[in-house]
Amino acid sequence: MVITWYGQSCFKIQSGDLVIVIDPFSKDIGLTPPRFRADIALVTHQHHDHNNLESITGEPFTIIGPGEYEVKGAYVHGIETFHDTKQGKERGLNTIYLIEVEGIRLLHMGDYGEEVVRDSRLIEEVGEVDILLVPVGGVYTIDGENAARLAKDIEPRFVIPMHYKIPGLKVLLADNAPFLKEMGARNAEIQEKFSIKKKDIADEEKTDVIVLKPMG
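Reading the values: rules and limits
Residues numbered from 1 in each chain as written. Predicted model: local features only at pLDDT ≥ 70, side-chain atom pairs only at ≥ 80, totals over all residues. Heavy atoms only, no water. Salt bridge = Lys/Arg side-chain N within 4 Å of Asp/Glu carboxyl O. Helix = DSSP H or I, 4+ residues; strand = E, 2+ residues; numbered from the N terminus. Phe/Tyr/Trp six-rings, centres within 6.5 Å; stacked < 30°, edge-to-face > 60°. Lys NZ or Arg CZ within 6 Å of the ring centre and 35° of its normal. Buried < 20%, exposed > 50% of the residue type's maximum accessible area, 1.4 Å probe, protein only. Pairing = 2+ DSSP bridges. 1 Å grid on protein atoms, 1.4 Å probe; cavity = no way out; pocket = protein on both sides within 12 Å on 5 of 7 lines; lining within 4 Å. Points joined across faces, edges and corners; volume = space filled by probe spheres on them. Nonpolar A, V, L, I, M, F, W, Y, C, P; charged D, E, K, R; others polar. Core = buried A, V, L, I, M, F, W, Y, C linked by side-chain atoms within 4.5 Å. Contact = heavy atoms within 4.5 Å. Patch = residues over 30% accessible without salt bridge, like charges linked within 9 Å, V, L, I, M, F, W, Y side chains within 5 Å. Areas by Shrake-Rupley, 256 points an atom, 1.4 Å probe, with all protein chains shown as cover. Lys, Arg positive; Asp, Glu negative; His and termini not counted. Charge placed at Lys NZ, Arg CZ, Asp CG, Glu CD.

1. Comments concerning the pattern of salt bridges
So, step 1. Throughout the structure, instances matching the rule amount to eight salt bridges.
So, step 2. Here Arg-37 and Asp-39 are joined by a salt bridge, their closest N and O atoms 2.8 Å apart.
So, step 3. Among the ionic pairs, Arg-149 bridges to Glu-145, the shortest N-O distance being 3.5 Å. Here Glu-145 and Arg-149 lie together in helix α2 (residues 144-154), a separation of four residues that amounts to about one turn.
So, step 4. Three or more residues are tied together by salt bridges with common partners; here these are Arg-37, Asp-39 and Lys-72.

2. Structural notes on the packing of aromatic side chains
So, step 1. Under the criterion given, the structure shown has five aromatic pairs.
So, step 2. Relative to Tyr-69, the ring of Phe-61 has its centre 6.1 Å away and its plane inclined at 65°; by these criteria the two rings are edge-to-face.
So, step 3. The ring of Phe-36 has Lys-12 sitting right over it, with the charged end atom 4.9 Å from the ring centre.
So, step 4. Above the ring of Phe-158, the side-chain terminus of Arg-157 is found at 4.8 Å from the ring centroid.

3. Looking at the side chain of His-163
So, step 1. Among the structural elements, His-163 can be located in the loop between β11 (158-162) and α3 (177-182).
So, step 2. The buried category is assigned to His-163, whose relative accessible area is 1%.

4. Points about the sheet that holds strand β4 (residues 40-43)
So, step 1. Ordered in space as β5-β4-β3-β2-β1-β13, the six strands form an open sheet in which the pairing is mixed. The two strands at the open ends of the sheet, each matched to only one other strand, are β5 (61-64) and β13 (194-195).

5. Details of the pairing of strand β2 (residues 10-15)
So, step 1. With respect to burial, β2 is a largely interior element, five of its six residues being buried.
So, step 2. In terms of strand pairing, strand β1 (residues 2-7) meets β2 through five bridges, oriented antiparallel. Looking across to β2, one finds that Val-2 is bridged to Gln-14.
So, step 3. Hairpin geometry of β1 and β2 is characterised by an intervening segment of two residues between the two adjacent antiparallel strands and by a positive phi of about 50° at Gln-8.
So, step 4. Linking two consecutive strands that pair antiparallel, namely β2 and strand β3 (residues 18-22), is a turn of two residues; a positive phi of about 60° is found at Gly-16 within it.

6. Focus on the layout of surface pockets
So, step 1. Taken as a whole, the largest pocket encloses approximately 390 Å³ of empty space.
So, step 2. The wall of the largest pocket is formed by 18 residues, among which Glu-155, Pro-156, Arg-157, Glu-204 and Glu-205 lie closest to the centre.
So, step 3. Taken together, the residues of the lining of the largest pocket sort by class into seven nonpolar, one polar and 10 charged.
So, step 4. Space inside the second largest pocket adds up to approximately 190 Å³.
So, step 5. Forming the boundary of the second largest pocket are 14 residues, of which Tyr-164, Asn-176, Ile-190, Val-211 and Leu-212 lie nearest the centre.
So, step 6. Taken together, the residues of the lining of the second largest pocket break down into 10 nonpolar, one polar and three charged.

7. Details of the nonpolar core
So, step 1. The biggest cluster of nonpolar side chains holds 70 residues, and the ones touching the most others in it are Ile-3, Ile-20, Ile-131, Val-134 and Phe-179.
So, step 2. Residues within four places of Ile-3 in sequence aside, it is in contact with Phe-11, Lys-12, Ile-13, Leu-106, Ile-131, Ile-160, Lys-193, Phe-194 and Leu-212.

8. Notes on a negative patch on the surface
So, step 1. Residues Glu-128, Glu-155, Asp-203 and Glu-205 make up a contiguous surface patch of negative charge.
So, step 2. Here Glu-155 is to be found in the loop between α2 and β11.

9. Here we look at unusual backbone geometry
So, step 1. The backbone of Asp-23 sits at a positive phi, close to 50°, despite the residue not being glycine.
So, step 2. By the secondary structure assignment, Asp-23 is in the loop between β3 and β4.
So, step 3. Accessibility expressed as a relative area gives 0% for Asp-23, which makes it buried.
So, step 4. Its identity is not glycine, yet His-163 carries a phi of approximately 55°, on the positive side.

Structure below.
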């Protein structure tokens, strides 16, 4: 599995010939929209920095919202959450996606904005998570401190921060420094892509932070 980040919450997940795109954004946010072929497209919610499916080529199987799906060897479980701390009254609903490919379980939190308390229901529903993709920029989602708290509750083997301030982005967000500080990863090396195989995921009780360089 190869994971590439394009900025905001947009990722390309590639497993052999299978390509999954999550939350492609529009050019309005100041970044170059992702443009590649995908087999599966996931949208966490209908905001312009997450739902620009027009930029994706091919004829992807599109998933928008909760439910369980099996597509081309990939398992996807969408779980409904809120975009804010007021049960969606401010920003509506958000879908988090649990994706299983190659025996690797990846959880994309979308614009998760709920108050972070130890939610045993959510933790039980997502189960074991190998890779967590979590927003850390605050303002519209949880901030770095709460993202770190969530990561420590979910206990993934790897966590990748997303949805934070980067050069060119017009959306007002905080950077990833508070999250990295809380995770003890201030000096994390920036990688262009994250390549991982199931056999590489050691059964260790620790979480490594992976910081990706936005592509595009």
